[in-house]
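One-letter residues, chain by chain:
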Amino acid sequence: MSPQQLSQSVRRVAIVGGARIPFARSDGPYATASNQQMLTAALDGLVERYGLQEPGAVGEFVAGAVLKHSRDFNLARETVLGSTLHPRTPAYDIQQACGTGLQAVIAAANKIALGQTESAVAGGADTASDAPLGVNDSLRRILLEARRAKSAGARLRALAKVRPGHLVPDIPRNAEPRTGLSMGEHAAVTARAWGIPREAQDELAATSHRRLAAAYERGLFQDLVVPFRGLARDQNLRPGSTVEKLASLKPVFGLGHPDPTMTAGNSTPLTDGAATVLLASEEWARERGLEPLAYLTAYETAAVDFVGGDVAGGEDGLLMAPAHAVPRMLERAGLGLDDFDLVEIHEAFASQVLATLAAWEKQGLGSVDRARLNVAGSSLATGHPFAATGARIVATLAKLLTERDAPARGLISVCAAGGQGVTAILERA
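Residues numbered from 1 in each chain as written. Predicted model: local features only at pLDDT ≥ 70, side-chain atom pairs only at ≥ 80, totals over all residues. Heavy atoms only, no water.

So what exactly am I meant to see when it comes to the overall build of the chain here?
Looking only at helices and strands, the chain has 14 helices and twelve strands in total. The C-alpha radius of gyration computed for the chain amounts to 22 Å, which stays within 12% of the reference 22 Å derived for 429 residues, consistent with globular compactness. Seen along its three principal axes, the alpha-carbon backbone of the chain occupies a region of about 75 × 60 × 50 Å. Within the chain, buried positions represent 54% of all 429 residues. Once local pairs closer than 6 in sequence are excluded, the contacts in the chain between residues at least 24 apart make up 80%. Taken as a whole, the chain presents about 17900 Å² of accessible surface, with 52% of it coming from carbon and sulfur. Looking at the chain, you have 43 positive and 45 negative side-chain charges, and the mean spots of the two groups are 8 Å apart. (Helix = DSSP H or I, 4+ residues; strand = E, 2+ residues; numbered from the N terminus. Rg over C-alpha atoms; globule rule 2.2 N^0.38 Å. Buried < 20%, exposed > 50% of the residue type's maximum accessible area, 1.4 Å probe, protein only. Contact = heavy atoms within 4.5 Å. Areas by Shrake-Rupley, 256 points an atom, 1.4 Å probe, with all protein chains shown as cover. Lys, Arg positive; Asp, Glu negative; His and termini not counted. Charge placed at Lys NZ, Arg CZ, Asp CG, Glu CD.)

Below, the structure is given as structure tokens:
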């Protein structure tokens, strides 16, 4: 197929709707809920809302999780089998750290755009409460040695090597394997590099909470959030957050340097939750009498060298890949930041959002009007179940675009562990 024929055959991909469960702080209401249980609850909410129970209603389900037990090896498919979606619906897993939910949307959209399926559901789930505990590596080696033993005596000799210290499990760490630094410590390096002040971070965090509270009050999430285990709203939401209250919190990252600025209040908490998005061709939506909320029209990924690159200078900070992905995507689409009615930047940390905005401005993209930025709050207020965040943002932005006169356009920017970033454009015709 020639490039011209391929271009003519690519179809628009509609965002039809979304469903998620309220996000909860770790070790709270969802402490005993698995990734599969949370993702199933979100998926069932979507199936019920859009009548997707019959065979063939959904062509494919793609989802993932970052913190996965061995039992989650086939998470998406097992979720389908435990849900009200028809069991003949194929499914597969995907993972790109905090970009997982948005990458799942992109993977589903590509098949719809190429005519390989008419509809798909994308999403993600993560639980920090039920994080997998690994067997101590030394104990694992002893157990493998015992398994390979050819005699009972050899097996006993291997097992006799077990010591009390071998029984201590390997607990997942929020640290980059290449550097040993947590995501928060990496963000603190970036905050210093870009000179991001504490007050600006606290203001962004307080605004996120105020705007999320207002969005709930005006009913924005009425058809996006499905109650689960006693929660009807995101548990991390603090409607009364103010800069003054946040200013009283002590810094928790970058403590080895003068004047640390990052606190628990301007950083996202460990969170449990799940989110899903329904995507389809225009023909599929029309046949079902469903009005698309928006269309996914462009996407771009990028990565930075956060190990050996310009980390101290800020360009290669762990969470700065969207600062590279967005300019490429905008150039390819022939757009500028001023062409967007709404901008959604995942708030892993307030400092990271502000550093990304500063980088875009330094690159000549211009500034983002704060009145258009995260207008319904974002991760600082909702929380951040890693793989669920991208799907949450897509569904929320699509719904927000329906409140504006067409045409309307929204930008999505998601940073991810490993020095990666995933970005996308949604449009309402």
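Once the structure has been displayed, the description carries forward.
Which parts of the structure should I look at to understand the pairing of strand β3 (residues 61-64)?
Consecutive side chains along a regular strand alternate between the two faces of the sheet. Side chains Phe 61 and Ala 63 of β3 all project onto a buried face; the interleaved residues Val 62 and Gly 64 project onto the opposite face, where all are buried too. With three bridges connecting them, β3 and strand β4 (residues 91-93) associate as parallel partners. Within the sheet, the bridge partner assigned to Val 62 lies in β4 and is Tyr 92. Each parallel crossover has a hand, and the one from β3 via helix α3 (residues 75-81) to β4 is right-handed. (Pairing = 2+ DSSP bridges. Right-handed = clockwise from strand over helix to strand, strands pointing away.)

Just checking my understanding: could you explain the packing of aromatic side chains for this structure?
The description of an aromatic ring pair rests on the distance of the ring centres and on the angle between the ring planes. For the coordinates displayed, the defined rule picks out three aromatic pairs. Judged by centre distance (4.6 Å) and plane angle (45°), the rings of Tyr 216 and Phe 221 are tilted. Assigned by exposure class, Tyr 216 and Phe 221 land together as buried. Where Phe 253 meets Phe 349, the ring centres are 5.9 Å apart and the plane angle is 90°; that geometry is what we call edge-to-face. (Phe/Tyr/Trp six-rings, centres within 6.5 Å; stacked < 30°, edge-to-face > 60°.)

Explain helix α11 (residues 322-333) here, please?
Since the α-helix packs 3.6 residues into each turn, any two residues three or four apart lie on the same face. A rise of 1.5 Å per residue sets the reference length of α11, with its twelve residues, at 16 Å; its end C-alpha atoms lie 16 Å apart and thus fit the reference within 8%. For α11, the full list of buried residues reads Pro 322, Ala 323, Ala 325, Val 326, Pro 327, Met 329 and Leu 330. Along its buried surface, α11 packs onto β9 (294-303), α12 (350-362), β11 (408-416) and β12 (420-428). Looking one or two places after α11, you find Gly 334, whose phi comes out positive at around 70°. (Expected span 1.5 Å × (residues − 1).)

Can you walk me through unusual backbone geometry in this structure?
Residues Ala 406 and Pro 407 are joined by a peptide bond in cis, for which omega reads 0°. In this fold, Pro 407 is placed in the loop between α14 (389-401) and β11. Even without being a glycine, Asp 27 presents a positive backbone phi close to 60°. Mapped onto the fold, Asp 27 is located in the loop between β2 (24-25) and α2 (35-50). Judged by relative accessible area, which is 60%, Asp 27 ranks as exposed. Of note in the backbone geometry, Asn 374 takes a positive phi value of approximately 45° without being a glycine. Overall, Asn 374 belongs to the buried group, its relative accessible area being 3%.

I would appreciate a short explanation of the nonpolar core in the present structure.
In globular proteins that are soluble, nonpolar side chains generally tend to be buried together. In this structure, Leu 102, Leu 279, Ile 412 and Leu 426 are the most contacted members of the largest nonpolar core, which totals 47 residues. When neighbours within four sequence positions are excluded, Ile 412 is seen to be in contact with Leu 102, Glu 344, Ile 393, Val 394, Leu 397, Val 422, Thr 423, Ala 424 and Leu 426. Among the nonpolar cores identified, the runner-up in size contains 36 residues, and Ala 14, Leu 39, Val 121 and Ala 125 belong to it. (Core = buried A, V, L, I, M, F, W, Y, C linked by side-chain atoms within 4.5 Å.)

Would you mind going over the side chain of Ser 119 with me for this structure?
Secondary-structure assignment places Ser 119 in strand β5 (residues 119-126). Within polar-contact distance, the side chain of Ser 119 engages the backbone oxygen of Ala 57 at 2.8 Å. In this structure Ser 119 touches Ala 57, Val 58, Gly 59, Glu 60, Ile 112, Leu 279, Ala 280 and Trp 284, once residues within four positions along its chain are discounted. (Polar contact = N/O pair within 3.5 Å; in protein donor to acceptor, adjacent residues only side chain to side chain.)

Explain the environment of Ser 351 here, please?
Along the chain, the position of Ser 351 falls in helix α12. The spatial distance from the C-alpha of Ser 351 to the C-alpha of Ala 191 is 5.7 Å, given a sequence separation of 160 residues. Residues within four places of Ser 351 in sequence aside, it is in contact with Ala 187, Ala 191, Ile 196, Gln 201 and Met 262.

Teacher, can you tell me more about a nonpolar patch on the surface here?
A cluster of nonpolar side chains, namely Val 135, Leu 143 and Leu 159, defines an oily patch on the protein surface of about 240 Å² accessible area. Locating Leu 143 in the fold gives a position in helix α5 (residues 137-148). (Patch = residues over 30% accessible without salt bridge, like charges linked within 9 Å, V, L, I, M, F, W, Y side chains within 5 Å. Salt bridge = Lys/Arg side-chain N within 4 Å of Asp/Glu carboxyl O.)

What should I look at first to understand the side chain of Asp 202 in this one?
Looking at the element boundaries, Asp 202 is found in helix α8 (residues 198-217). Given the relative accessible area of 2%, Asp 202 is considered buried. When neighbours within four sequence positions are excluded, Asp 202 is seen to be in contact with Val 243, Leu 246, Ala 247, Thr 263 and Asn 266.

Explain α2 here, please?
With 16 residues, α2 should reach 22 Å at 1.5 Å per residue; the first-to-last C-alpha distance of 23 Å fits that figure. Of all the residues in α2, the buried ones are Asn 35, Met 38, Leu 39, Thr 40, Ala 41, Ala 42, Leu 43, Gly 45, Leu 46, Val 47 and Tyr 50. Against the buried residues of α2 lie β1 (13-20), β3, α3, β5 and β8 (271-281). Note on α2: the residue one or two positions beyond its end, Gly 51, has a positive phi of about 60°.

What am I meant to see in the packing of α5 against helix α6 (residues 152-159) here?
Helix packing geometry: the angle between the two helix axes and the distance between the axes. One can describe the packing of α5 onto α6 by two numbers: an axis separation of 8 Å at closest approach and a directional angle of 175°. Viewed along their axes, α5 and α6 adopt a mutual orientation that is roughly antiparallel. Residues Ile 142, Leu 143, Glu 145 and Ala 146 of α5 lie in contact with α6, whose contacting residues are Arg 155, Ala 158 and Leu 159. Each residue belonging to the contact of α5 with α6 can be placed in one class, and the counts come to five nonpolar, no polar and two charged. (Axes fitted to C-alpha atoms, helices over the stretch in contact; angles between N-to-C directions. Parallel < 35°, antiparallel > 145°, perpendicular 65-115°, else oblique. Nonpolar A, V, L, I, M, F, W, Y, C, P; charged D, E, K, R; others polar.)

Which parts of the structure should I look at to understand the pattern of salt bridges?
Opposite charge on two side chains permits pairing when their charged atoms draw close. On inspection of all chains with the given rule, the structure shows 19 salt bridges. We note a salt bridge from Glu 54 to Arg 288, for which the minimum N-O separation is 2.4 Å. One end of the pair, Glu 54, is in the loop between α2 and β3; the other, Arg 288, is in the loop between α10 (282-287) and β9, and 234 residues separate them in sequence. The residue Glu 315 makes a salt bridge to Lys 362 at a minimum N-O spacing of 3.0 Å. Taken together, the residues Glu 315 in the loop between β9 and α11 and Lys 362 in helix α12 connect sequence positions 47 residues apart. A residue is classified by how much of its surface remains accessible, and Lys 362, at 59% relative accessible area, is exposed.

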